[in-house]
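# Descriptive analysis of the structure
Below are the chains, spelled out letter by letter.
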Protein chains: 2
Amino acid sequence: MEETFPRSTPPRRATLKDVARAAGVSQSTTSRALSGEGYVAAAARDRIVAAADELGYVPHAMARSLRKQVSRSVGVLVSDLRNTFYADLAAGIAGRARSRGYTMMLVDDQGLLDQELHAAQAFVATRAAGVIVTPLSADVSTYLLRQRIPVVEVDRRFSAGACDAVVIDNASVARRMTDHLIALGHRRIALLIDETDWTTGSERFAGYTRSLADSGIPDDPSLVVSAGWDVGGARKAAVGILTRRDAPTAVFAANNLLAEGVWRAASDLGLRIPDDLSIVSFDDAQWMSMVSPGVTAIAQDAVALGEAAMDRLLDRIEDPDAAATTTVLEAQILPRGSTSAPRPA
Amino acid sequence: MEETFPRSTPPRRATLKDVARAAGVSQSTTSRALSGEGYVAAAARDRIVAAADELGYVPHAMARSLRKQVSRSVGVLVSDLRNTFYADLAAGIAGRARSRGYTMMLVDDQGLLDQELHAAQAFVATRAAGVIVTPLSADVSTYLLRQRIPVVEVDRRFSAGACDAVVIDNASVARRMTDHLIALGHRRIALLIDETDWTTGSERFAGYTRSLADSGIPDDPSLVVSAGWDVGGARKAAVGILTRRDAPTAVFAANNLLAEGVWRAASDLGLRIPDDLSIVSFDDAQWMSMVSPGVTAIAQDAVALGEAAMDRLLDRIEDPDAAATTTVLEAQILPRGSTSAPRPA
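Note that this is a predicted model, so its numbers are computed, not measured.

Across its full length, chain A holds 12 helices and 12 strands. Scored against the burial criterion, the 345 residues of chain A give a buried share of 52%. Considering only residue pairs separated by 6 or more positions, chain A has 68% of its internal contacts joining residues 24 or more positions apart. For chain A, the exposed surface amounts to about 14500 Å²; the carbon and sulfur share of it is 51%.

Given below as structure tokens:
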């Protein structure tokens with residue numbers, strides 16, 4: 001047998017008993033001090049922690065997690081916490097996780113692929129019981145599945161068939177919203193969109209395109225503007241498109257930050273809503289019911305989406321070998337006052 | 001010696017070499033597959049993961065973290081991600097963490113003490129390099145410090161002297177805001193407040209009280225309303241106070257969610273701002289510059305607060321034994337159109 005072993009005897013792992021003896025306290029006090037569950041006099045705790053450090057004792061919670069191969073934390077990866085959609089989604093997950101005894105560990109990957117993969121590695125290293133992700137590509141779910149970590153994709157899906165997904169029917173509701181503008185008489189409808197290579201973006205774009213095609217409105221690619229995720233950028237892009245000679249009479253913003261950018265651009269330009277410009281938003285946000293007129297929006301219930309994703313993850317943890325499912329939740333259009341017929345040309 | 005040992009020999013820990021041999025691949029391929037760093041053919045990865053599982057191999061990242069006693073993740077604990085203040089704070093921390101090679105792991109404790117302590121334990125178990133917390137009590141910092149985890153308290157502080165803190169001068173700016181209302185002629189100024197047993201709440205309350213006292217305005221405890229953290233609750237509380245016979249002529253909302261509740265209550269009651277009611281907010285929010293008139297607000301730069309907290313934490317990780325510091329950032333008042341002289345009675 002060619003395997004070599006180190007010559008020196010490896011040190012025996014320190015036990016709780018060793019720590020208790022070194023600190024001069026009982027094992028139960030030591031256990032409480034190191035687990036953080038229950039209170040221990042400050043002086044005793046200091047001695048215990050010092051002894052544990054010196055002996056290289058592996059803390060209780062970690063040792064237990066290693067032993068059981070189970071963790072009570074759930075990893076969540078989202079793209080931008082400052083977008084209230086993700087904050088609501090996270091709130092739905094966190095509430096449901098808490099009621100089932102899990103702690104939600106959240107990472108904001110800031111839309112960056114490398115951050116997403118670092119976070120996924122961190123979830124593996126810390127033995128998350130499962131991960132819920134708004135993916136930037138298929139890589140993150142593939143990686144986690146290969147590490148045997150249950151995964152649910154939410155909002156966006158890249159791994160249909162390979163892992164569970166909880167989404168809304170973006171194409172259908174985007175189409176209905178575009179139909180609404182066309183029914184009012186609009187023909188030049190701009191679409192401000194974030195990332196068309198994400199499934200949400202490509203589906204929303206498809207719904208918009210389909211609605212125009214069904215109404216026989218010729219395609220005008222110059223009306224589809226990639227405006228990212230940032231209010232400032234969207235505001236600038238919207239000023240650009242609204243000051244063109246052949247400006248659109250309506251703008252469909254494909255997320256709530258883009259809608260804020262368009263709204264502020266209209267305000268910058270002194271355009272009255274809806275008389276001079278109709279605006280609609282994919283995703284509702286708090287301010288849309290506070291401004292006057294309110295903004296007609298597609299409301300997905302992001303909290304419910306988060307709850308459904310957490311429920312799906314718990315099912316998956318229970319039954320790792322069941323076939324992957326896709327859950328599609330409804331989204332509704334909230335009509336407010338931001339649309340009307342276009343001005344006669 | 002009275003210590004007893006188990007009779008059976010404990011199993012030898014599986015090594016990377018063992019896993020590689022069982023999977024029939026090289027050690028470097030095995031290392032790449034288990035660390036997730038670099039790509040490995042799917043079939044090989046599956047065999048490697050299966051072998052590692054069977055042999056009970058402890059994954060690379062975790063073993064390395066255990067060995068080095070260092071982690072590249074930073075734990076962050078906030079109270080409510082749906083409050084944009086915390087989302088902005090987290091964005092500041094995450095951006096700075098990323099530029100220094102750390103991943104931010106965020107937990108929303110939902111304002112619950114038990115959640116806060118569970119999260120702190122999870123950060124200890126996963127060997128976070130440090131923790132930034134908006135604490136609910138002194139317990140969380142005490143616990144983490146005893147576990148030798150560097151801690152920075154941000155926004156609220158409960159452990160002055162024991163750990164680093166990054167805050168704003170809540171009392172002074174709350175006092176200046178109250179002075180502003182008094183200067184306009186208001187005498188009946190309500191304060192809607194969240195938690196007066198948090199340092200932020202108690203300091204804001206102190207600033208308000210001090211301003212009234214300095215102007216010789218008699219104390220009226222019925223004008224100070226504990227309204228929690230929820231827009232709906234604040235709206236109800238505000239309707240209550242605004243429909244009293246001796247209703248206040250101005251309301252100072254001690255956080256942005258309370259301000260939204262007051263604003264919506266005024267709208268419910270058909271009160272015109274500022275003619276019928278002056279409103280001011282502690283904390284700016286996106287909608288406050290979108291409604292008409294805009295809401296006069298105290299703007300703390302939550303992103304900068306997060307960045308300063310992360311910088312402080314990095315310093316603390318470098319130098320664990322330096323004396324604890326408190327960093328106080330400036331906050332400014334943004335005058336918009338939501339205040340005016342009260343109507344003549």
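Past the structure itself, the notes keep going.
Turning to the domain arrangement of chain A, a few remarks are in order. When the parts of a complex come together, some accessible area is lost, and that lost area is often used as the size of the interface. Its domain assignment divides chain A into domain 1 (16–59), domain 2 (70–168 + 302–330) and domain 3 (170–300). Distance from the C-alpha centre of domain 1 of chain A to the C-alpha centre of domain 3 of chain A: 60 Å.

Its volume calculated, the second largest pocket comes out at about 960 Å³. Around the second largest pocket, the lining is made up of 36 residues, and of these T84, D88, Q286 and V303 of chain A together with R82 of chain B lie nearest the centre. Take the lining of the second largest pocket: its biggest share by element is six residues, from helix 5 (residues 84–99) of chain A.

A few words on the sheet that holds strand 7 (residues 224–226) of chain A. All names here are of chain A. What the six strands build is an open sheet, ordered 7-6-8-9-10-12; its pairing is mixed. Each edge of the open sheet is held by one strand with a lone partner, namely strand 7 and strand 12 (331–334). The mean angle between the axes of side-by-side strands here comes to 15°, regardless of whether they run parallel or antiparallel. Bridging between strand 6 (residues 189–193) and strand 7 involves three bridges; their strand directions are parallel. Residue pairing for strand 7: I193 is matched across the bridge by S226. Those strands touched by helix 10 (residues 231–242) are strand 6, strand 7 and strand 8 (250–253), and its axis lies near 160° from that of strand 6.

If you look at the biggest cluster of nonpolar residues, it comprises 147 residues, and the most contacted ones within it are W287 of chain A together with W287 of chain B. Aside from chain neighbours lying at most four places away, what touches W287 of chain A is N256, A259, E260, W263 and V295 of chain A together with Q286, W287 and M290 of chain B. Counting 34 residues, the second-largest nonpolar core is a separate cluster that includes A120 and F123 of chain A together with L77 and M105 of chain B.

Moving on to the pairing of strand 6 of chain A. All names here are of chain A. Most of strand 6 is tucked away: five of the five residues are buried. Neither face of strand 6 is open: one carries I189, L191 and I193, the other A190 and L192, and all of them are buried. Judged from the four bridges that link them, strand 6 and strand 8 form a sheet pairing that is parallel. Directly across from I189, in strand 8, lies its bridge partner A250. Traced from strand 6 through helix 9 (residues 199–214) to strand 7, the parallel crossover comes out right-handed.

Our focus in this paragraph is unusual backbone geometry. Here the bond from I273 of chain A into P274 of chain A is cis, since omega is 5°, no more than 30 degrees from zero. By the secondary structure assignment, P274 of chain A is in the loop between helix 11 (256–268) and strand 9 (278–282). Residue P293 of chain B is reached from S292 of chain B by a cis peptide bond, and omega for that bond is -5°. With respect to the element layout, P293 of chain B can be found in the loop between strand 9 (278–282) and strand 10 (296–299).

Bringing the packing of aromatic side chains into the picture now. According to the stated counting rule, one finds four aromatic pairs over all chains in the structure shown. Considering the side-chain rings of F85 of chain B and Y86 of chain B, the 5.4 Å spacing of their centres and the 75° angle between planes classify their relative orientation as edge-to-face. Comparing F85 of chain B with Y86 of chain B, the two get one shared label, buried. Of note, R204 of chain A hangs over the ring of F282 of chain A, and the distance from its end group to the ring centre comes to 3.7 Å.

On to the sheet that holds strand 7 (residues 224–226) of chain B. Residues and elements named next belong to chain B. If you walk across this open sheet you meet the six strands as 7-6-8-9-10-12, and the pairing is mixed. For this open sheet the edge positions go to strand 7 and strand 12 (332–334), each flanked by a neighbour on one side alone. Ignoring strand direction, the axes of neighbouring strands in this sheet form an average angle of 20°. Set on the sheet, helix 8 (residues 170–183) makes contact with strand 6 (189–193), strand 8 (250–253), strand 9, strand 10 and strand 12; between it and strand 9 the angle comes to about 170°.

This part is about the packing of helix 5 (residues 84–99) of chain B against helix 12 (residues 302–318) of chain B. The packing of two helices is summarised by the inter-axis angle and the distance between the axes. Residue and element names in this part refer to chain B. Look at helix 5 against helix 12: their axes get within 7 Å of each other, and the N-to-C directions meet at 45°. Regarding the angle of helix 5 to helix 12, the classification is oblique. Handedness of the crossing formed by helix 5 with helix 12: right-handed. Contact residues: F85, D88, L89, G92, I93, R96 and A97 in helix 5; A302, V303, L305, G306, E307, M310 and D311 in helix 12. Within the contact of helix 5 with helix 12, the residues separate by chemical class into eight nonpolar, two polar and four charged.

Rules behind the numbers
- Residues numbered from 1 in each chain as written.
- Chains lettered and ligands numbered in written order.
- Predicted model: local features only at pLDDT ≥ 70, side-chain atom pairs only at ≥ 80, totals over all residues.
- Heavy atoms only, no water.
- Helix = DSSP H or I, 4+ residues; strand = E, 2+ residues; numbered from the N terminus.
- Buried < 20%, exposed > 50% of the residue type's maximum accessible area, 1.4 Å probe, protein only.
- Contact = heavy atoms within 4.5 Å.
- Areas by Shrake-Rupley, 256 points an atom, 1.4 Å probe, with all protein chains shown as cover.
- Domains from an automatic or database assignment.
- 1 Å grid on protein atoms, 1.4 Å probe; cavity = no way out; pocket = protein on both sides within 12 Å on 5 of 7 lines; lining within 4 Å.
- Points joined across faces, edges and corners; volume = space filled by probe spheres on them.
- Pairing = 2+ DSSP bridges.
- Axes fitted to C-alpha atoms, helices over the stretch in contact; angles between N-to-C directions.
- Core = buried A, V, L, I, M, F, W, Y, C linked by side-chain atoms within 4.5 Å.
- Right-handed = clockwise from strand over helix to strand, strands pointing away.
- Phe/Tyr/Trp six-rings, centres within 6.5 Å; stacked < 30°, edge-to-face > 60°.
- Lys NZ or Arg CZ within 6 Å of the ring centre and 35° of its normal.
- Parallel < 35°, antiparallel > 145°, perpendicular 65-115°, else oblique.
- Left-handed = near helix turned anticlockwise from the far one by under 90°.
- Nonpolar A, V, L, I, M, F, W, Y, C, P; charged D, E, K, R; others polar.

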